[in-house]
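Commentary on secondary and tertiary structure
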Amino acid sequence: MKAKRLILLGPPGAGKGTQSQRLVDELGIPQVSTGDLLRAGRKAGTDLGNQAKAYMDAGKLVPDSLVLALVEERLGEKDAREGYILDGFPRNEAQAKALADRSIEIERVVNLAVPDEELVRRLSGRRVCRDCGASFHVDFHPTKVEGTCDRCGGETYQRKDDTAEVIQSRLGVYGEQTQPLIAYYGERGVLRTVDGTGEMEAVYRAILEALEL
Ligand code: AMP
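Residues numbered from 1 in each chain as written. Predicted model: local features only at pLDDT ≥ 70, side-chain atom pairs only at ≥ 80, totals over all residues. Heavy atoms only, no water.

Considerations on the overall build of the protein chain
When you go through the protein chain residue by residue, the secondary structure sums to nine helices and eight strands. Computed over the C-alpha atoms, the radius of gyration of the protein chain is 16 Å, within 12% of the 17 Å expected from 2.2 N^0.38 for a compact globule of 213 residues. With the C-alpha coordinates of the protein chain rotated into their principal frame, the extents come out at 45 × 40 × 35 Å. Of all intrachain contacts in the protein chain linking residues separated by at least 6 positions in sequence, the fraction that spans at least 24 positions is 70%. Computed over 30 positive and 34 negative side-chain charges, the separation of the two mean positions in the protein chain equals 2 Å. (Helix = DSSP H or I, 4+ residues; strand = E, 2+ residues; numbered from the N terminus. Rg over C-alpha atoms; globule rule 2.2 N^0.38 Å. Contact = heavy atoms within 4.5 Å. Lys, Arg positive; Asp, Glu negative; His and termini not counted. Charge placed at Lys NZ, Arg CZ, Asp CG, Glu CD.)

See the structure below:
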């Protein structure tokens, strides 16, 4: 079987994490989320986690050298041999080039398109599980029991970077640094854009179609 190396591209709040988790079940390949890896590093108090903290809390990109080391290590693990879904990486052209320089061939990039005002609504109400990373929303997708993850029973919380000021900073960073990747992968013929505004289920089906599965 040909390795499936996929990227979910899109602004913060587009649904990359939620949709990636569903794809993991469908495709049997892992989700590699640099945001989750960085948060895990912070929780464990690793050097890298400590170095990343200030950037993350300000909504800025963590320096490429740190993120690339993290990705390199994760992609070298056994479960990533048959492929993976990259979520939140690459986030700028230097990171995309680093993948290409390592001869990592990306089969498909799905760009999840969602307008800014919808992103702000989604991010400001988002709650995330501390244990399994599952994502909820206080209005659109609340947990059955407030503060408790439906999936694993862990505690849900509001990410520090999901507050109004930091959301604006993240959207600015996305526009300046990540959005150019739409053209980058478009030129390489692997990009498909999917409308990320509909029902979760409809968006998921559109993603499967874009992946030509
Ligand atoms: P996310 O969970 O993908 O929204 O990421 C949360 C934060 O982690 C971002 O705002 C960045 O500070 C940092 N981060 C995640 N992925 C990357 C990346 N590929 N490059 C640089 N910083 C990242």
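Digging into the sheet that holds strand β2 (residues 31-33)
Taken in spatial order, the five strands make up an open sheet running β2-β3-β1-β4-β8, and their pairing is parallel. Bordering the open sheet on either side are β2 and β8 (191-195), each of which pairs with just one other strand. In this sheet, neighbouring strand axes are inclined to one another by 25° on average, regardless of whether the strands run parallel or antiparallel. The sheet contact formed by β2 and strand β3 (residues 83-87) spans three bridges and is parallel. The partner of Val 32 across the bridge, within β3, is Leu 86. (Pairing = 2+ DSSP bridges. Axes fitted to C-alpha atoms, helices over the stretch in contact; angles between N-to-C directions.)

As for the nonpolar core
Counting residues in hydrophobic clusters, the biggest one holds 29 residues, and the most contacted among them are Ile 7, Leu 75, Leu 86, Leu 99, Val 109 and Tyr 185. Of all the secondary structure elements, the ones that give two or more residues to this core are β1 (4-9), α3 (47-58), α4 (64-75), β3, α5 (93-101) and α8 (180-187). Residue contributions to this core peak at six residues, all from α4. Apart from residues lying up to four places away in sequence, Ile 7 is in contact with Leu 86, Phe 89, Pro 90, Leu 99, Ile 106, Arg 108, Val 109, Val 110 and Tyr 185. Counting residues in hydrophobic clusters, the runner-up holds 21 residues, among them Leu 8, Ala 14, Leu 171 and Val 194. (Core = buried A, V, L, I, M, F, W, Y, C linked by side-chain atoms within 4.5 Å. Buried < 20%, exposed > 50% of the residue type's maximum accessible area, 1.4 Å probe, protein only.)

Observations concerning the site of the ligand
Around the ligand, the structure places 16 residues, and the nearest of them are Thr 34, Arg 39, Lys 60, Gly 88 and Gln 95. At a separation of 3.0 Å, a nitrogen atom of the ligand approaches a polar backbone atom of Gly 88. Within the side chain of Arg 170, a nitrogen or oxygen atom sits 3.3 Å from an oxygen atom of the ligand. For the ligand, the protein covers 96% of the area, taking 480 Å² as the surface of the free molecule. By residue number, the principal contributor to the shell around the ligand is helix α2 (residues 34-44), which donates four residues. Residues belonging to the shell around the ligand are distributed by class as follows: six nonpolar, four polar and six charged. (Near = heavy atom within 4 Å. Polar contact = N/O pair within 3.5 Å; in protein donor to acceptor, adjacent residues only side chain to side chain. Areas by Shrake-Rupley, 256 points an atom, 1.4 Å probe, with all protein chains shown as cover. Nonpolar A, V, L, I, M, F, W, Y, C, P; charged D, E, K, R; others polar.)

Some points on the packing of aromatic side chains
One pass over the full model with this rule turns up one aromatic pair. Ring centres 4.9 Å apart and planes at 85° place the aromatic pair Tyr 184 and Tyr 185 in the edge-to-face group. Its relative accessible area of 4% is what places Tyr 185 among the buried residues. Against the face of Tyr 204 rests Arg 22, its NZ or CZ located 4.0 Å from the ring centre. (Phe/Tyr/Trp six-rings, centres within 6.5 Å; stacked < 30°, edge-to-face > 60°. Lys NZ or Arg CZ within 6 Å of the ring centre and 35° of its normal.)

A few points about unusual backbone geometry
With glycine set apart, most residues show a phi of negative sign, and most peptide bonds adopt trans. Geometrically, the link from Phe 89 to Pro 90 is a cis peptide bond, its omega value of -5° lying close to zero. Residue placement: Pro 90 occurs in the loop between β3 and α5. Non-glycine residue Ser 103 carries a positive phi angle of around 60°. Relative to the assigned elements, Ser 103 resides in the loop between α5 and β4 (108-113). Judged by its relative accessible area of 66%, Ser 103 is exposed.

Remarks on the pairing of β1
For β1 and β3, the ladder comprises five bridges, and the chain directions are parallel. Its bridge partner lying in β3, Ile 7 is registered against Leu 86. As defined by bridge partners, β1 adjoins β4 across four bridges and the pair is classed as parallel. When the bridges of β4 are listed, Leu 9 appears paired with Asn 111.

Details of the state of the cysteines
The tally for this structure, following the rule as stated, stands at zero disulfides. Note on Cys 129: no disulfide assigned, nearest cysteine sulfur contributed by Cys 152 at a separation of 3.6 Å. Judged by relative accessible area, Cys 152 falls into the partly exposed class, the value being 42%. (Disulfide = S-S within 2.5 Å.)

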